[in-house]
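A look at the structure
Spelled out, the chains give:
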Amino acid sequence: MLRKSVLAVLLIGVFALGSGGAAGAHDTPPPEDLPADAVLPDVIEEVPHHLQIQNTQQGEWLRFSTTHINVGEGNLQIRGGGQVQSCETDEIEYDQCTVATQEILNKAGAVVYEHPAGVAVFHPEHNHWHQSAVAEFDVRRSPDDPSTAVARGVKITFCFVDVEFIGTTGGQKKAKPRTYFDCNGELQGLASWWADSYHQSTPLQELDITGLPEGTYYLTHTADPENHWIESDEHNNFTWVRFFLDRHGDDPAPNGNASVTVTGNSGCVPEIICGFGGNP
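Residues numbered from 1 in each chain as written. Predicted model: local features only at pLDDT ≥ 70, side-chain atom pairs only at ≥ 80, totals over all residues. Heavy atoms only, no water.

1. Observations regarding the overall build of the protein chain
Basically, it comes down to this: Numbering goes from the N terminus for both helices and strands, where a helix is a DSSP run of H or I of at least four residues and a strand is a run of E of at least two. Accessibility here uses a 1.4 Å probe with only protein chains present; expressed as a share of the type maximum, an area under 20% marks a residue as buried, one over 50% as exposed, and anything in between as partly exposed. Residues count as neighbours in contact if any of their non-hydrogen atoms are within 4.5 Å of one another.
Helix and strand counts for the protein chain stand at two helices and 17 strands. The buried share of the protein chain, taken over its 280 residues, is 52%. Of the contacts formed within the protein chain by residues at least 6 apart in sequence, a portion of 70% connects residues at least 24 apart.

Spelled out as structure tokens, the structure:
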């Protein structure tokens, strides 16, 4: 089973993304005053999957599923707080926003460092609080060149909770317990060795590809595009999936006949970023 081989990769600390990683890399080093006992998260993204075209009101939407995975030894912990007021973030107007702070822990679970992490917003479509700018999606002609984007999404907000464990035994799960359960409290996050999935039917898991000509494209996924989080590895935040948009010989106008076929993806190192999310 895939998860057994994943565990071996995690234990030896191989977290380089492989091909396609450079286009989503951050170059920000850890703060010089970060305490020596801090344990950092490392959020990676599963290759987008479950690609499907939805036809809606003369438009075409490419829908897809994604999974956020924390392979770091520390938790990603985000706290909202302060005055609630309206704001514009991720190119969307929200009625309720508050300051977001990343709390970095030590092995004992104590907060040893705080870092500004954008804003937390109340998301009416999901009816809970989200961290801003968790991910950004593009459809590009070249995976490594953002200027080739033909469909670009806004920076997407998400709520983080622990949904799936990436280990294989009860002992490992006891050592890496589920920690974050609630999207409506001040505190949310992604515990070490836990993952959070967003199915392709979820609002905002789509890009408008209306009228896009038949051809080969890349759906790219960049995590933390505004570099809100301090992580142990800032160079593995990018994945892509290549697909062929087939219009079956018709013109590019929306007609319900278009389909997508996946033809490749970025490197699967660690293996968990390919095929972890399971079936719809």
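This is not the end of the story, as more comes after the structure.
2. Quick word on the state of the cysteines
Chemically, a disulfide is nothing more than a covalent bond linking the sulfur atoms of two cysteines. So the rule is basically this: When two cysteine sulfur atoms lie within 2.5 Å, the pair is treated as a disulfide.
Inspection of the entire model under this criterion finds one disulfide. The partner cysteine of Cys268 in its disulfide is Cys274, sulfur to sulfur 1.9 Å. Judged by the sign of its S-S torsion, about -80°, the bond between Cys268 and Cys274 is left-handed. Judged by relative accessible area, which is 17%, Cys274 ranks as buried.

3. Details of the side chain of Ser192
Operational definition: Pairs of N or O atoms are called polar contacts if they sit within 3.5 Å, as long as, within protein, a hydrogen donor faces a hydrogen acceptor (for residues adjacent in sequence, only side-chain-to-side-chain pairs).
Examined against the element boundaries, Ser192 turns out to sit in the loop between β12 (187–190) and β13 (194–198). Judged by its relative accessible area of 3%, Ser192 is buried. In terms of polar contacts, Ser192 uses its side chain to reach the side chain of Lys176, at 3.1 Å. Apart from the residues within four sequence positions on either side, Ser192 is in contact with Asn70, Gly72, Glu73, Gly74, Asn75 and Lys176.

4. With respect to the nonpolar core
To keep things clear, this is the line we draw: Nonpolar core, defined: a set of buried Ala, Val, Leu, Ile, Met, Phe, Trp, Tyr and Cys residues in which side-chain atoms within 4.5 Å join the residues together.
In this structure, Leu62, Val139, Leu219, Phe243 and Leu245 are the most contacted members of the largest nonpolar core, which totals 44 residues. The biggest single contributor to this core is strand β8 (residues 128–140), with four residues. Counting residues in each nonpolar core, the second largest holds six residues, with Leu34, Ala38, Leu40 and Ile104 among its members.

5. Brief notes about the confidence of the model for the protein chain
Threshold: One number per residue, pLDDT, summarises how confident the predictor is, and it ranges from 0 to 100.
Chain-level pLDDT for the protein chain is 81 on average; 77% of the residues reach the 70-or-more range. Across the protein chain, the element-wise mean pLDDT spans from 32 in helix α1 (residues 2–11) up to 97 in strand β1 (residues 38–39).

6. Points about the packing of aromatic side chains
We apply this condition: Centres within 6.5 Å are what make two rings of Phe, Tyr or Trp a pair, Trp counting through its six-membered ring; a difference in plane orientation under 30 degrees is then read as stacked, over 60 as edge-to-face, and the rest as tilted.
One pass over the full model with this rule turns up six aromatic pairs. For the pair Phe160 and Trp229, a centre-to-centre distance of 5.8 Å together with 55° between the ring planes defines the contact as tilted. Residue Phe160 is located in the loop between β10 (156–158) and β11 (164–165), and its partner Trp229 is located in the loop between β15 (215–223) and β16 (238–246); the two are separated by 69 residues in the primary sequence. The structure contains a cluster of three or more aromatic residues connected by ring pairs, namely Phe165, Trp193 and Trp194.

7. Focus: unusual backbone geometry
For the bond from Val269 to Pro270, the omega torsion is -5°, close enough to zero to count as cis. Here Pro270 is to be found in the segment after β17 (259–265). If you check the backbone angles, Asp224 has positive phi at about 50° while not being a glycine. Tracing the sequence through the fold places Asp224 in the loop between β15 and β16. Even without glycine at this site, Asn227 takes up a positive phi of about 60°. Here Asn227 shows up in the loop between β15 and β16. Since its relative accessible area comes to 19%, Asn227 is described here as buried.

8. What to know about the pairing of strand β4 (residues 59–70)
Going by this rule: Following DSSP output, two strands are said to pair if at least two bridges run between them.
Counting buried positions along β4 yields 11 of 12 residues, so the element is predominantly enclosed. With three bridges joining them, strand β2 (residues 43–45) and β4 adopt antiparallel strand pairing. Bridging across to β4, Ile44 finds its partner in Ile69. Here strand β3 (residues 49–56) runs beside β4; their pairing, made up of six bridges, is antiparallel. Among the inter-strand pairings, His49 is bridged to a residue of β4, identified as Ser65. Note: β4 against strand β14 (residues 206–208), three bridges, orientation antiparallel. The residue bridging Leu62 from the neighbouring strand is Leu207, located in β14. Across four bridges, β4 lies against β13 in antiparallel orientation. Note that in β13 the partner of Ile69 across the bridge is Ala195.

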